[in-house]
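Residue-level listing of the chains:
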Amino acid sequence: LKHVCREKEKELRYHNQKAICITYTNVAANEIKNRLGNTELILVSTIHERLWEIIKEYQEELVMIHLEYLKEQIAKLQCEIEENVVYSGLTEEQKVEISNLLVEKQKEFFEIYNLGATEFRNQFSITFPTFNAKIGNVKEFCKTCSKIIRVGKYKQCIYAIENAEKGYTEVKYDARSNKDYLHYMKISHDTLLAYSKRIICKYDELKRFIADKYPYFFVDEY
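Residues numbered from 1 in each chain as written. Predicted model: local features only at pLDDT ≥ 70, side-chain atom pairs only at ≥ 80, totals over all residues. Heavy atoms only, no water.

Q: Honestly, the overall build of the protein in this entry has me stumped. Any pointers?
A: Counting its regular elements, the protein contains eleven helices and five strands. Computed over its C-alpha atoms, the radius of gyration of the protein comes to 24 Å, more than 25% above the 17 Å expected for a compact globule of 222 residues. Projected onto its principal axes, the C-alpha coordinates of the protein cover approximately 75 × 35 × 30 Å. Residue burial in the protein is summarised as follows: out of 222 residues, 39% are buried. A sequence separation of at least 24 residues applies to 62% of the contacts in the protein between residues at least 6 apart. (Helix = DSSP H or I, 4+ residues; strand = E, 2+ residues; numbered from the N terminus. Rg over C-alpha atoms; globule rule 2.2 N^0.38 Å. Buried < 20%, exposed > 50% of the residue type's maximum accessible area, 1.4 Å probe, protein only. Contact = heavy atoms within 4.5 Å.)

Okay, here's the thing in C-alpha cells:
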C-alpha cells in the first residue's frame, strides 16, 4: 500500500482514482489505517462497507434487484408452505382466507406463537376459529403460518415498489443487523453480498466504473 502511494500517487491523482484495500474486520481496517498513516489515495474498509459505498448510488437498479429477490423468495416460501400436509389439504378458498387472516392478525398470532401446544390451540381457536380443527402438529403449523405471513408482507412490498410508494424507492443496508427486513426494503450482511454480486454481474456500466475508478485492489487474507 505504501509502495502504491509512493510510486503511483501522480497517476492516481491525475485520473481521480483510488486504491481499495479490503479486510475482514473493522479492527483489521483500523490497524491498517494506523500503520499506513493519513492518505486519501487508499480506501481501507471491510468488504461490506466498500461494496455498499460502491452500489448504494445505483438505487434504481438496486430496487429492481430487490424486486426480483422478493419474487424468488415468495416462490421458495410457497413451495415450502405447500409441503405442509394440513395446508395443502385446504381448498383454494380456505388458503386465501387463512392467508388474509394471518396477515391481518399477525400481531395476535405472534403473541401466542411460543405457547405450549394445548394453550396455543385454545388461543388460536379464538382468533382463527375456522381452522382450529386443521392445525395438526402445532410446531410445524406455526412455521407454516410464519411463512404465509412473510409471503403476505413480501407481496405488499412488491405492490408498494411497483406503485413507487413513499419509502419503497430505495434499498437500505443496516450494518448493525444480521437479519433482513425485506418488506421494509432493509438488507443485512449476507444479502448485501448477494445483491452486490447480482448488480455487478448484471450492469456493465458498473463494471466499467469500478475498473476505471479503482485500478488497485488489495484483499487481506484472500
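Q: Can you walk me through the confidence of the model for the protein in this structure?
A: On average, residues of the protein carry a pLDDT of 91, and 98% of them reach 70 or more. For the protein, the element scoring lowest by mean pLDDT is helix α5 (residues 85-88), at 82; strand β4 (residues 186-187) scores highest, at 97. (pLDDT = per-residue confidence, 0-100.)

Q: Even after reading the chapter, I still don't get the pairing of strand β2 (residues 42-46), so can you show me in this structure?
A: Within a regular strand, the side chains alternate between the two sheet faces. Counting buried positions along β2 yields five of five residues, so the element is predominantly enclosed. Note that strand β1 (residues 19-23) and β2 share five bridges and pair parallel. Each residue of the ladder has a partner; that of I20, found in β2, is L43. Once you follow β1 into helix α2 (residues 26-36) and on to β2, the crossover reads as right-handed. (Pairing = 2+ DSSP bridges. Right-handed = clockwise from strand over helix to strand, strands pointing away.)

Q: How should I be thinking about the pattern of salt bridges in this particular structure?
A: Pairing is possible between side chains of opposite charge, provided their charged atoms come close. Overall, the coordinates contain 14 salt bridges when judged by the stated rule. The shortest N-O distance in the salt bridge between E80 and K147 comes to 3.1 Å. With E80 in helix α4 (residues 59-82) and K147 in helix α9 (residues 138-162), this residue pair connects regions lying 67 residues apart in the sequence. (Salt bridge = Lys/Arg side-chain N within 4 Å of Asp/Glu carboxyl O.)

Q: Explain the environment of V4 to me, please; I cannot follow it from the model alone.
A: Along the chain, the position of V4 falls in helix α1 (residues 2-14). Sequence spacing of V4 and A175 is 171 residues, and the spatial spacing of their C-alpha atoms is 30 Å. When residues no more than four places from it in sequence are discounted, the contact partners of V4 are E9, L12, A19, I42, Y216 and F218.

Q: Hey, could you run me through the packing of α4 against helix α10 (residues 189-202) in this one?
A: The geometry of a pair of packed helices is captured by two quantities: the angle between their axes and the separation between those axes. The contact between α4 and α10 brings their axes to 10 Å, and the two run at 115°. Here the hand of the crossing between α4 and α10 comes out right-handed. On α10, the residues that touch E61, L62, I65, H66, E68, Y69 and E72 of α4 are T191, Y195, R198, I199 and K202. Grouping the constituent residues of the contact of α4 with α10 by class yields five nonpolar, two polar and five charged. (Axes fitted to C-alpha atoms, helices over the stretch in contact; angles between N-to-C directions. Left-handed = near helix turned anticlockwise from the far one by under 90°. Nonpolar A, V, L, I, M, F, W, Y, C, P; charged D, E, K, R; others polar.)

Q: Help me understand the packing of aromatic side chains in this model?
A: For any pair of aromatic rings, the description consists of the separation of the ring centres together with the inter-plane angle of the planes. A full pass over the atoms with the stated rule returns ten aromatic pairs. Judged by centre distance (6.0 Å) and plane angle (35°), the ring pair of F110 and Y113 falls under tilted. Given the relative accessible area of 39%, F110 is considered partly exposed. A residue is classified by how much of its surface remains accessible, and Y113, at 26% relative accessible area, is partly exposed. Here the aromatic rings of F120 and F124 are separated by 5.4 Å at their centres, their planes lie at 25°, and the arrangement is stacked. Note that F120 and F124 are positioned in helix α8 (residues 117-127) at a spacing of four residues, about one turn of the helix. As far as the burial class goes, F120 and F124 line up, both buried. (Phe/Tyr/Trp six-rings, centres within 6.5 Å; stacked < 30°, edge-to-face > 60°.)

Q: I would appreciate a short explanation of the nonpolar core in the present structure.
A: What tends to happen in soluble globular proteins is that the nonpolar side chains get buried as a cluster. Among the nonpolar cores identified, the biggest contains 49 residues, and I55, L102, F109, F120, F124 and Y195 are the most heavily contacted of them. Mapped onto this core, the elements with two or more residues apiece are β1, α3 (47-55), α4, α6 (92-104), α8, α9, α10 and α11 (204-213). The dominant element in this core, judged by the number of residues it contributes, is α9, at eleven residues. Aside from chain neighbours lying at most four places away, what touches F109 is L102, F120, F124, F128, C142, C145, S146 and I149. Among the nonpolar cores identified, the runner-up in size contains eleven residues, and V4, A19, A29 and L36 belong to it. (Core = buried A, V, L, I, M, F, W, Y, C linked by side-chain atoms within 4.5 Å.)

Q: What am I meant to see in the sheet that holds strand β5 (residues 216-219) here?
A: Note on sheets: strands pair through backbone hydrogen bonds, and any given pair is parallel or antiparallel. Spatial ordering of the open sheet is given by β2-β1-β5, a layout of three strands whose pairing is parallel. The open sheet has two edge strands with one neighbour each: β2 and β5. Averaged over all adjacent pairs, the angle separating strand axes in this sheet is 20°, with direction ignored. Where β1 lies against β5, four bridges are found, and the strand directions are parallel. The residue bridging A19 from the neighbouring strand is Y216, located in β5. Of the strands in this sheet, β1, β2 and β5 are in contact with α1, which crosses β5 at around 145°.

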